[in-house]
Amino acid sequence: AGKEETFMKQYLSLIVTALLALSLIGLVFGIIPYYAVHAAHKYKYNETLYWTAGAFVLIAVPVSIHGIIQHLVNYYMPQVQKYVIRILFMVPIFSIQAWFSLFSHNA
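Everything numeric here is computed off the predicted structure, so don't read it as measured data. (Residues numbered from 1 in each chain as written. Predicted model: local features only at pLDDT ≥ 70, side-chain atom pairs only at ≥ 80, totals over all residues. Heavy atoms only, no water.)

**What to know about the overall build of the chain**
Helix and strand counts for the chain come out as 3 helices and 0 strands. When the helices and strands of the chain are placed in sequence order, the string is α-α-α. Oriented by its inertia axes, the alpha-carbon framework of the chain measures out at about 60 × 35 × 15 Å. Here the chain holds 107 residues, and the buried ones make up 16% of them. (Helix = DSSP H or I, 4+ residues; strand = E, 2+ residues; numbered from the N terminus. Buried < 20%, exposed > 50% of the residue type's maximum accessible area, 1.4 Å probe, protein only.)

Put into structure tokens, the structure is as follows:
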């Protein structure tokens with residue numbers, strides 16, 4: 001029963017990851033460009049900017065987090081990897097902060 005349980009957990013994790021990836025891909029390459037183009041046709045260029053920047057944030061953050069997790073799972077060169085992880089943490093922090101700053105025109 002132990003091997004079957006591990007086998008099921010592995011495939012369940014793979015299925016959940018695939019569904020999340022497909023939904024993110026659909027969001028980034030389907031819905032967000034539709035709203036961005038729709039806003040551009042109505043001359044709402046700020047909305048186009050928000051949707052486009054949001055799409056890139058939705059691409060950059062998961063890729064960076066995946067890289068961070070992979071470095072933590074395979075942590076065999078701590079002297080180098082601690083700096084790589086710090087650099088990879090900059091992507092989600094600064095991309096989300098920059099996206100939120102688009103909404104504040106006073107900044």
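**What about the packing of helix α2 (residues 45–73) against helix α3 (residues 78–101)?**
Running from N to C, α2 and α3 cross one another at 160°; their axes reach a closest spacing of 9 Å. Classified by the angle their axes make, α2 and α3 are roughly antiparallel. Handedness of the crossing formed by α2 with α3: left-handed. Across the interface between the two elements, Tyr 50, Ala 53, Gly 54, Val 57, Ala 60, Val 61, Ser 64, Gly 67, Ile 68, His 71 and Leu 72 of α2 pack against Gln 81, Val 84, Ile 85, Leu 88, Phe 89, Val 91, Pro 92, Ser 95, Ile 96 and Trp 99 of α3. (Axes fitted to C-alpha atoms, helices over the stretch in contact; angles between N-to-C directions. Parallel < 35°, antiparallel > 145°, perpendicular 65-115°, else oblique. Left-handed = near helix turned anticlockwise from the far one by under 90°. Contact = heavy atoms within 4.5 Å.)

**Regarding the side chain of Ser 95**
One can find Ser 95 in helix α3. Within the structure, Ser 95 has its side chain in polar contact with the backbone oxygen of Pro 92 (distance 3.4 Å). When neighbours within four sequence positions are excluded, Ser 95 is seen to be in contact with Val 57, Val 61 and Met 90. (Polar contact = N/O pair within 3.5 Å; in protein donor to acceptor, adjacent residues only side chain to side chain.)

**With respect to the environment of Leu 19**
Looking at the element boundaries, Leu 19 is found in helix α1 (residues 2–41). Between the alpha carbons of Leu 19 and Lys 82 there is a distance of 31 Å; along the sequence they are 63 residues apart.

**As for a nonpolar patch on the surface**
A contiguous nonpolar surface patch, about 660 Å² in accessible area, is contributed by Leu 22, Ile 25, Phe 29, Phe 56, Ile 59 and Val 63. Of all elements in the fold, only α1 and α2 reach the threshold of two or more residues within the nonpolar patch. With respect to the helices and strands, Leu 22 occurs in helix α1. Among the residues examined, Leu 22 registers a relative accessible area of 58% and is labelled exposed. (Patch = residues over 30% accessible without salt bridge, like charges linked within 9 Å, V, L, I, M, F, W, Y side chains within 5 Å. Areas by Shrake-Rupley, 256 points an atom, 1.4 Å probe, with all protein chains shown as cover. Salt bridge = Lys/Arg side-chain N within 4 Å of Asp/Glu carboxyl O.)

**Re the environment of Leu 24**
Position of Leu 24 relative to the elements: it lies in helix α1. What makes Leu 24 partly exposed here is its relative accessible area of 27%. With sequence-adjacent residues up to four places away left out, Leu 24 is seen in contact with Leu 58 and Pro 62.

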